[in-house]
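Inside the fold
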Amino acid sequence: MNSNKCRMPRRNRIREGFASRLFDAVNVFLLLLLAFSTLYPFWDTLIVSVSSLKSYLSTSIHLWPSEFSFEGYSYVFSNMELWSSYGNTLFITLVGTLINMVITIMTAYVLSKPMLRGHRILNFLAVFTMMFSGGIIPSYMIVKATGLMNSLWAMIIPTAINTSSLIILRNFFMDIPAALEEAAMLDGCNEVGVLFRVVIPNAKAAITTIALMYAVDHWNDFYNAIMYITNRKRWPLQLFLRSMLFETEAAYSSGGQSLFLLGQPMKMAAVMLSIIPIICMYPFFQKHFSKGMMVGAVKG
């Protein structure tokens, strides 16, 4: 009798089954719509970059090119400024990320030690920089006074450390069991040995996450480049893309409409070349990225 009372009526089960399926259907539809709205700009960029001028003008929605053409890529590849800016961006990204990681790891390791004298004051000063900064004009004056103008180091040194990344990595270091560090000390390791043999190997997820964030920031950095670099030979990739956009717009305003329209596949080809490295990086770092963000943000 008790088992019969606990059974759910058939009508209620049908209603709950229909409501659950309806919810799942709506949820899937919204997620697919969100995925489409996210992926379509990338797809549109790719399709326009491999389309001919006729195919580009035939429709405003580019799902598939009616006529393939690699004239845009051919023009971009023949432009030596592209390769110069590509090399500048690679240097900024690789060297900048390396400097970022060295400084961030060392600072986060120190701030993760509660027994450090002035621990709370140092952490407060680090968090304080997240809320207040020197401002644009003082930053520009410092870069100019140090002789970094029109230098690639102007894109690296002023952004040598990011406080948000520092806090995430510090929290991750604080979650590592102290017993591991004490065991390493008993085996004869000093603080440097503990950092490289115990802390860093156990924080690969957080370190990979922070490195990826730094690399993406350097690769896409446009603001610092437009402030500190005016020499075309020192332009990073983002400034080259900006100049290409302005040049085609200027050609259109002066009556060269065909050059402006031809510039659309050309610009999209340049954009594809700028985003392909980042897209190729994410599949390899995605698992570390998710884990590092979750674990590093738990402990305050």
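Within each chain, residue numbers correspond to sequence positions counted from 1 in written order. Only residues with pLDDT of at least 70 get local features here, since the model is predicted, and only at 80 or more are side-chain atom pairs given and counted; chain-wide, interface and lining totals rely on the full set of residues. The side-chain numbers reported here are obtained from all heavy atoms of the structure, hydrogens and water having been left aside.

What about the overall build of the protein?
- We count a stretch as a helix when DSSP gives it H or I for four or more residues in a row; a strand needs E for two or more, and each element gets its number in order from the N terminus. Within the protein, the secondary structure is distributed over 14 helices and zero strands.
- Along the protein, helices and strands appear, N-terminal first, in the series α-α-α-α-α-α-α-α-α-α-α-α-α-α.
- Scored against the burial criterion, the 300 residues of the protein give a buried share of 37%.
- Should any heavy atoms of two residues lie within 4.5 Å, those residues are considered in contact. Across the protein, every contact between residues at least 6 apart in sequence was considered, and the portion connecting residues at least 24 apart equals 70%. Exposed residues in this analysis have more than 50% of their type's maximum accessible area, buried residues have under 20%, and partly exposed residues fall in between, with area computed by a 1.4 Å probe over protein chains only.

Some thoughts on the nonpolar core
- Counting 24 residues, the largest nonpolar core has Ile105, Leu169, Phe173, Val194, Val199 and Ile207 as its most contacted members.
- Those elements that place two or more of their residues in this core are α5 (80–111), α8 (163–175), α10 (191–199) and α11 (204–219).
- With residues up to four places along the chain from it excluded, the contact list for Ile105 reads Leu169, Phe173, Leu195, Ile200 and Ile207.
- What we call a nonpolar core is a set of buried Ala, Val, Leu, Ile, Met, Phe, Trp, Tyr and Cys residues that are connected through their side-chain atoms within 4.5 Å. Core analysis: the second largest hydrophobic core is formed by 18 residues, Leu212, Val216, Trp219 and Leu237 among them.

Thoughts on the pattern of salt bridges
- By definition, a salt bridge exists where a carboxyl oxygen of Asp or Glu is found within 4 Å of a side-chain nitrogen of Lys or Arg. Throughout the structure, instances matching the rule amount to two salt bridges.
- As a salt-bridge pair, Arg232 and Glu81 come within 2.8 Å of each other at their nearest N and O atoms. Taken together, the residues Arg232 in the loop between α12 (223–228) and α13 (237–253) and Glu81 in helix α5 connect sequence positions 151 residues apart.
- With relative accessibility at 38%, the residue Arg232 sits in the partly exposed group.
- In this structure Glu81 comes out as partly exposed when scored by relative accessible area, which is 31%.
- The residue Lys113 makes a salt bridge to Glu181 at a minimum N-O spacing of 2.3 Å. Here Glu181 lies in helix α9 (residues 178–186) and Lys113 lies in the loop between α5 and α6 (119–131), a separation of 68 residues in the sequence.

Remarks on unusual backbone geometry
- Positive phi values are uncommon outside glycine, yet Asn150 reaches one of about 60°.
- Here Asn150 shows up in the loop between α7 (136–145) and α8.
- With a relative accessible area of 30%, Asn150 lands in the partly exposed category.

Observations regarding the layout of surface pockets
- Quantified by volume, the largest pocket comes out at close to 790 Å³.
- Taken together, 29 residues make up the lining of the largest pocket; nearest its centre are Ser139, Pro158, Thr159, Ile161 and Asn224.
- Every element with two or more residues in the lining of the largest pocket is listed here: α7, α8, α11 and α12.
- By residue number, the principal contributor to the lining of the largest pocket is α7, which donates five residues.
- Gly is placed with the polar residues, together with every amino acid not listed as nonpolar (Ala, Val, Leu, Ile, Met, Phe, Trp, Tyr, Cys and Pro) or charged (Asp, Glu, Lys and Arg). Of the residues in the lining of the largest pocket, the class split is 14 nonpolar, 13 polar and two charged. With a 1 Å grid laid over protein atoms only, a set of points is called a cavity when a 1.4 Å probe fits there but cannot get out and a pocket when it is open yet has protein on both sides within 12 Å along at least five of seven lines; lining residues have an atom within 4 Å of a point. Grid points are joined across faces, edges and corners, and a volume is the space filled by probe spheres set on the points.

What to know about a nonpolar patch on the surface
- For patch building, the residue pool is restricted to those with more than 30% relative accessible area and no salt bridge; the joining distance is 9 Å between like charges and 5 Å between nonpolar side chains (Val, Leu, Ile, Met, Phe, Trp, Tyr). Note on areas: Shrake-Rupley, 1.4 Å probe, and residue coverage restricted to the protein chains presented here. Together, Ile121, Leu122, Phe124, Leu125, Val127, Phe128, Met130, Met131 and Phe132 make up a nonpolar patch on the protein surface, roughly 890 Å² of accessible area in all.
- Of note, Met131 is situated in helix α6.
- Since its relative accessible area comes to 54%, Met131 is described here as exposed.

A look at the packing of aromatic side chains
- Between rings of Phe, Tyr and Trp, where Trp is taken as its six-membered ring, a pair exists when centres lie within 6.5 Å; planes separated by under 30 degrees are stacked, by over 60 edge-to-face, and by other angles tilted. For the coordinates displayed, the defined rule picks out 10 aromatic pairs.
- Taken together, a centroid distance of 6.3 Å and an interplanar angle of 40° make the contact between Trp83 and Tyr86 tilted. Pair noted here: Trp83 and Tyr86 are both in helix α5, with a separation of three residues, about one helical turn.
- Given the relative accessible area of 40%, Trp83 is considered partly exposed.
- Relative to Trp219, the ring of Tyr86 lies with its centre 5.7 Å away and its plane at 75°, an arrangement referred to as edge-to-face. Here the residue Tyr86 occupies a position in helix α5, and Trp219 occupies one in helix α11, the gap between them amounting to 133 residues.
- Look at Tyr86 and you get buried, because its relative accessible area is 15%.
- Owing to a relative accessible area of 4%, Trp219 belongs among the buried residues under this scheme.

Some thoughts on the confidence of the model for the protein
- Note on scores: pLDDT gives the predictor's confidence for each residue, bounded by 0 and 100. Across the protein, the average pLDDT comes to 80, with 84% of residues at or above 70.
- Within the protein, no element has a lower average pLDDT than helix α1 (residues 2–6), which sits at 51, and none a higher one than α5, at 91.
- Scored below 50 in pLDDT, residues 296–300 shows eight contacts in the model against residues more than four places distant or in partner chains.

As for the packing of α6 against α8
- Direction vectors running N to C along α6 and α8 enclose 140°, while the axes themselves pass 9 Å from each other. On the basis of their axis angle, the class for α6 and α8 is oblique. Here Asn123, Ala126, Val127, Thr129 and Met130 of α6 come into contact with α8, specifically with Thr163, Ser164, Leu166, Ile167 and Arg170.
- Partitioning the contact of α6 with α8 into residue classes produces five nonpolar, four polar and one charged. Inter-axis angles, ranging from 0 to 180 degrees, are taken between N-to-C directions of lines fitted to C-alpha atoms, where helices are fitted over the stretch in contact. With respect to orientation, any angle under 35 degrees is reported as roughly parallel, any angle over 145 as roughly antiparallel, any angle of 65 to 115 as roughly perpendicular, and every other angle as oblique.

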